[in-house]
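So you can see what is in the structure, the chains are spelled out below.
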Amino acid sequence: MGIFRGANTNNVQANLILDASSERSYSGNGSTWFDLSGNGHNADIYGTPSFSLLGGAKCFVLDSVGDRFSANVVNNLTTNDLTLEAWIYPQDEISGGDR
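The shown structure was predicted, so the numbers you read here are calculated from the model rather than taken from an experiment. (Residues numbered from 1 in each chain as written. Predicted model: local features only at pLDDT ≥ 70, side-chain atom pairs only at ≥ 80, totals over all residues. Heavy atoms only, no water.)

**Let's talk about the overall build of the protein chain**
Definition in use: Comment: elements are numbered from the N terminus, with helices defined as DSSP H or I runs of at least four residues and strands as E runs of at least two. The buried label applies to any residue whose accessible area, calculated with a 1.4 Å probe on protein chains only, is under 20% of its type's maximum; exposed applies above 50%, and partly exposed to all values in between. Accessible areas in this description were obtained via Shrake-Rupley with a 1.4 Å probe; residue shielding takes into account the shown protein chains only.
Looking only at helices and strands, the protein chain has zero helices and seven strands in total. When the helices and strands of the protein chain are placed in sequence order, the string is β-β-β-β-β-β-β. Here the protein chain holds 99 residues, and the buried ones make up 25% of them. Here the protein chain displays about 7000 Å² of accessible surface, and carbon together with sulfur accounts for 46% of that area.

**Focus: the environment of V61**
Basically, it comes down to this: We call two residues contacting when some pair of their heavy atoms lies within 4.5 Å.
The residue V61 is located in strand β6 (residues 57-61) in this model. Sequence separation of V61 and Y89 is 28 residues, and the distance between their C-alpha atoms is 9.2 Å. The residues contacting V61, other than those within four sequence positions of it, are P49, S50, S52, L54 and D67.

**So, the side chain of D67**
This is how the line gets drawn: Identification of polar contacts relies on pairs of N or O atoms within 3.5 Å, with a donor-acceptor requirement for protein atoms, meaning one able to donate a hydrogen and the other able to accept it, and with residues adjacent in sequence counted only if both atoms are side-chain atoms.
Mapped onto the fold, D67 is located in the loop between β6 and β7 (68-70). A polar contact of 2.7 Å, which involves the side chain of D67, links it to the backbone nitrogen of T48. Only 3.0 Å separates the side chain of D67 from the backbone nitrogen of D63, close enough to count as a polar contact. With sequence-adjacent residues up to four places away left out, D67 is seen in contact with Y46, G47, T48, P49, V61 and L62.

**Structural notes on the pairing of β6**
The following threshold applies: Strand pairing is assigned whenever DSSP identifies at least 2 bridges connecting the two strands.
Of all five residues in β6, four are buried; the element is thus mostly enclosed. Both strand β5 (residues 50-54) and β6 contribute to a ladder of five bridges, which runs antiparallel. Looking at β6, one finds that L54 is bridged to A57.

**Here we look at the side chain of D19**
Going by this rule: Note on charges: Lys and Arg go in the positive column, Asp and Glu in the negative column, and His and the chain ends are not counted at all. Take a side-chain nitrogen of Lys or Arg and a carboxyl oxygen of Asp or Glu: if they are within 4 Å of each other, that pair is a salt bridge.
In this fold, D19 is placed in the loop between β2 (17-18) and β3 (32-33). Although buried, D19 forms no salt bridge, and the nearest oppositely charged side chain, R24, lies 6.7 Å from it. A distance of 2.6 Å separates the side chain of D19 from the side chain of S21, its partner in a polar contact.

**Describing the nonpolar core**
So the rule is basically this: Only buried Ala, Val, Leu, Ile, Met, Phe, Trp, Tyr and Cys residues count toward a nonpolar core, and they belong to the same one when joined by side-chain atoms within 4.5 Å.
Counting residues in each nonpolar core, the largest one holds nine residues, listed as L16, L18, A20, Y26, W33, A43, I45, F60 and V73. Leaving out residues up to four positions away in the same chain, I45 has contacts with Y26, G30, S31, T32, W33, F60, R68 and F69.

**Re the confidence of the model for the protein chain**
In plain terms, the rule: The predictor attaches a confidence to each residue, called pLDDT, with possible values from 0 through 100.
With 72% of its residues at a pLDDT of 70 or more, the protein chain shows a mean pLDDT of 78. A low-confidence stretch, residues 1-5 stays under pLDDT 50, and its non-local contacts, those more than four residues away or across chains, total 21 contacts.

**Looking at the packing of aromatic side chains**
The criterion, for reference: For this analysis, a ring pair means two rings from Phe, Tyr or Trp (six-membered ring only for Trp) whose centres lie within 6.5 Å, classed as stacked if their planes differ by under 30 degrees, edge-to-face if by over 60, and tilted for the remaining angles. We count a charge as sitting over a ring when the NZ of a lysine or the CZ of an arginine lies within 6 Å of the ring centre and within 35 degrees of the ring normal.
Under the criterion given, the structure shown has six aromatic pairs. Aromatic ring contacts, followed pair by pair, group Y26, W33, F51, F60 and F69 into a single cluster. Above the face of the Y46 ring, R68 is positioned so that its terminal group lies 4.2 Å from the ring centre.

Dropping the structure here:
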């Protein structure tokens, strides 16, 4: 699973590419986040995540229990190698003010 923000994905060999900044991947509404890899591993959106612009980047805000994404790619993996890339920005303070 790969999550890219505005990257050129033309020459990337990936099983799944989800890009919140691309309208081809997510138009801003609906319950499907479309796979840009060409493999058709679209992700279902569960819960009530909002779609926002934070720090100049389009993103999903997961702010309640049950907000998640699910894509079935396990049966199509042909390697044990996996790279997962995500940008995570917690907005609430965690013990001692750490984020």
